[in-house]
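Spelled out from the first residue to the last, the chains are:
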Amino acid sequence: MKRTILGCAIVTALAPRYGLAQGTAYAHLDINEVKARINSWGLIGENAATAQPDFEVPVGGGAHPLFAAGPWFAGTDAATQVHLAMIKYESGVDSDFWPGPLKDDGTAAIDASVSDAFDQVWCVSRTDVDLQQAYFTCLATPGCDASALYPGYTVPNSFFGWPTNGPVDYDQHLAPFNDFNANGMYDPESGDSPCIPGDRACYSVFNDKKLHTTSGGLPLGVQVQLMAFAYTGVDPALDHTIFLLYKAENKSTQALQDAYIGLFSDLDLGNYADDLLGSDPARNLFYVCNADNDDESVGGSTGYGPQPPAFGAVVFSGVLADPDGTDQSPDSALLAFNGRFQGDAVVDNERFGLAIAKPMYAGTGTLGEPTLTGQYYAALHGQWNDGSPLTYGGNGYGG
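These numbers come from a predicted model, not from an experiment.

**Student:** Explanation requested: helix 5 (residues 373-380) in the structure shown.
**Tutor:** Because an α-helix completes one turn every 3.6 residues, residues spaced three or four positions apart along the sequence face the same direction. In terms of burial, helix 5 is a largely internal element, 7 of the 8 residues being buried. What helix 5 keeps buried is the set T373, Q375, Y376, Y377, A378, A379 and L380. G382 sits one or two residues past helix 5 and shows a positive phi near 80°.

Listed below in structure tokens is the structure:
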């Protein structure tokens, strides 16, 4: 089963660099009971080289609740042409995204050499960050003996490649860092360190300035920075959780209308053949559960066995709502339905939550996976492939 989640955004459109394929680099975010593959071009979970899931929960059990996930961006230009970039499950060259930032001059251009240089996923641990700050604070504190307290300390190798700045003409504010000496320059040997949430984080930056072989849509010129992070040892629930923080920027000068953001999720709870999907709008949650009390192994996929778990995702803070000069009121019938920060006495800080959770059934046809650009765009509106709206009851069609 596949799932998309929707909000709103404004992104832009430019011509692509045709013939450029996606990246190949990846890293695992694996500090807690989740071992999640993070690919350099935005694909979460799947090993695209082998077409196998790589999102293991719990670690060592061999079962995977997610096959693949990634963002969707779409909108229309003044000529009503659809611009759309997306990630699904992939086979090596299918993504609409590839690694790297975009030029910061309004052209949203990128050089192939820059994409190659950013075909990486950078991972850092909180323990290393704290130790770096403690060591250099000691060095700067009279009477503190750093050689005695931190014998043989050296700056972690992972700090030196942290991509705080892009090349000339590119974004000069990429991965965040702690500026120990407050000089505005990133220099780990002077005490600076990556700035990360959680106990371990993995960072990547990617864009859609390439031929869109997945969606067939025109490119948007969107630059996306992803910080995937996790906690450990704090709470059993957090030990089975990762967080995805996306920063998406319009790097061109042309705005799109009717723009949407979605999160594609191919949810396969162990045995992919007996899953049920659900959503809880009041908690901005969508989830997958097993159809019975035994999740058997099937087709090379390890099941969760008796008493299988559920797995899902929560939209903690979606994109900003369009400003209207007011503090919007929450929906009195369903307080969390409209997202966050309604009724908090702050003007224009409201954010969307889970707007639509739409399934795509296996195969093609009206209820199946989209195959045309317009159908992908319709899915972001909560519509089936024939334009019919998602409805309540049954399979969501015609109810």
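Past the structure itself, the notes keep going.
**Student:** Looking at this model, I keep getting lost on the sheet that holds strand 17 (residues 275-280). Mind explaining?
**Tutor:** In any sheet, the strands associate via hydrogen bonds between backbone groups, in a parallel or an antiparallel arrangement. Taken together, the 3 strands give an open sheet; going across it, the order is 17-18-21, and neighbouring strands pair in antiparallel fashion. A strand with exactly one partner marks an edge of an open sheet, and here the two such strands are strand 17 and strand 21 (311-314). Averaged over all neighbouring strand pairs, the angle between strand axes comes to 15°, with direction disregarded. Note: strand 18 (residues 285-290) against strand 21, 4 bridges, orientation antiparallel. Residue pairing in the sheet places L285 in a bridge with V314 of strand 21.

**Student:** I keep staring at helix 2 (residues 126-139) and nothing clicks. Help me out?
**Tutor:** Between its first and last C-alpha atoms helix 2 spans 20 Å; for 14 residues at 1.5 Å apiece the expected length is 20 Å, and the two agree. Every buried residue of helix 2 is listed here: V129, Q132, Y135, F136 and C138. Along its buried surface, helix 2 packs onto strand 10 (122-125), helix 3 (146-149), helix 4 (157-160), strand 11 (177-178) and strand 12 (193-194).

Parameters and conventions
- Residues numbered from 1 in each chain as written.
- Predicted model: local features only at pLDDT ≥ 70, side-chain atom pairs only at ≥ 80, totals over all residues.
- Heavy atoms only, no water.
- Buried < 20%, exposed > 50% of the residue type's maximum accessible area, 1.4 Å probe, protein only.
- Helix = DSSP H or I, 4+ residues; strand = E, 2+ residues; numbered from the N terminus.
- Pairing = 2+ DSSP bridges.
- Axes fitted to C-alpha atoms, helices over the stretch in contact; angles between N-to-C directions.
- Expected span 1.5 Å × (residues − 1).
- Contact = heavy atoms within 4.5 Å.

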